[in-house]
Amino acid sequence: MPFAPDQTEDLIYKIAALHKQHKGQTPAQAALHYLEYSHKMDLYGLDLHQVKDAENKDILLGIGAAGISTYRENILINKFNWPKILKISYRRNKFLLRVKPAESSSFESWVTFKLPDNKAAKALWKITVEHHVFIRLRSADQAKKRFSRSGSKFRFTGRTLHQARTNAAAPQESNKAKTRHSLGSLFHRSKTMNYSLLPS
């Protein structure tokens, strides 16, 4: 069973030794330990895209919960947090970010990334807008004002993180306020058809 690209016998022996150390865990415990370890990794939770920078060098653009990060050979080069990003757009095969000025500067700056074609730039723009709307805004309606692009019919229609958290908390609060109902009043069971008894 392959665990990694270009795996060696030495790697397989190390995996077997580590597996023995975690013997006796339930699947839930194993999943929790896996998530505890993996969320500390630099590239965890990032949607990575191959782009070229202004110097025409290959880099990875990572879109995640904190913002947009750039990596060269898996080393973090730059990070643009969502609050610092003022505008997200694309033009032809270029993906553009307008960012707030640094403390030492008074001018906003544009950061440009090159992609293979217009379709790739538009797809990256859509993914970035979806991430931003989901993480930063209270409702998807706010995105129409901030990220609408002339000529594009794309609109984010999903729930935001704020809406998901609000909806998750609402049933718990309403359950506390309601009186207990019998199961018979909450559920209605209908008869199922037994298709094997139907005439053919």
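Residues numbered from 1 in each chain as written. Predicted model: local features only at pLDDT ≥ 70, side-chain atom pairs only at ≥ 80, totals over all residues. Heavy atoms only, no water.

Trainee: Explain the nonpolar core to me, please; I cannot follow it from the model alone.
Mentor: Nonpolar side chains in soluble globular proteins tend to be buried together. Formed by 21 residues in total, the largest nonpolar core has its most connected members in Ile85, Ile88, Phe95, Leu97 and Phe113. Elements with a contribution of two residues or more to this core: strand S2 (58-63), strand S5 (85-91), strand S6 (94-99), strand S7 (109-114) and helix H3 (118-136). Excluding its chain neighbours within four sequence positions, the residues that come into contact with phenylalanine 95 are Leu61, Ile88, Ser89, Tyr90, Val111, Thr112, Phe113, Leu115, Ala121, Leu124, Trp125 and Thr128. (Core = buried A, V, L, I, M, F, W, Y, C linked by side-chain atoms within 4.5 Å. Buried < 20%, exposed > 50% of the residue type's maximum accessible area, 1.4 Å probe, protein only. Helix = DSSP H or I, 4+ residues; strand = E, 2+ residues; numbered from the N terminus. Contact = heavy atoms within 4.5 Å.)

Trainee: Quick question: what am I supposed to make of the pairing of strand S1 (residues 47-52) here?
Mentor: Working note: regular strand, side chains alternate between the two faces of the sheet. Alignment of S1 against S2, held across six bridges, turns out to be antiparallel. Bridging across to S2, aspartate 47 finds its partner in isoleucine 63. Between S1 and S2, which follow one another and run antiparallel, lie five residues, and asparagine 56 among them has a positive phi close to 65 degrees. (Pairing = 2+ DSSP bridges.)

Trainee: Which parts of the structure should I look at to understand the environment of glutamine 50?
Mentor: Its location among the elements puts glutamine 50 in strand S1. The exposure class assigned to glutamine 50 is partly exposed, which follows from its relative accessible area of 49%. Counting along the chain gives 21 residues from glutamine 50 to tyrosine 71, while the straight-line C-alpha distance between them is 9.7 Å. With sequence-adjacent residues up to four places away left out, glutamine 50 is seen in contact with Asp58, Ile59, Leu60 and Leu115.

Trainee: What should I look at first to understand the environment of isoleucine 63 in this one?
Mentor: Among the structural elements, isoleucine 63 can be located in strand S2. Considering only alpha carbons, one finds isoleucine 63 and leucine 124, 61 residues apart in sequence, at a separation of 9.4 Å. Discounting residues that sit within four places of it in the chain, isoleucine 63 has contacts with Gly45, Leu46, Asp47, His49, Ile68, Trp82, Leu124, Ile127, Thr128 and His131.

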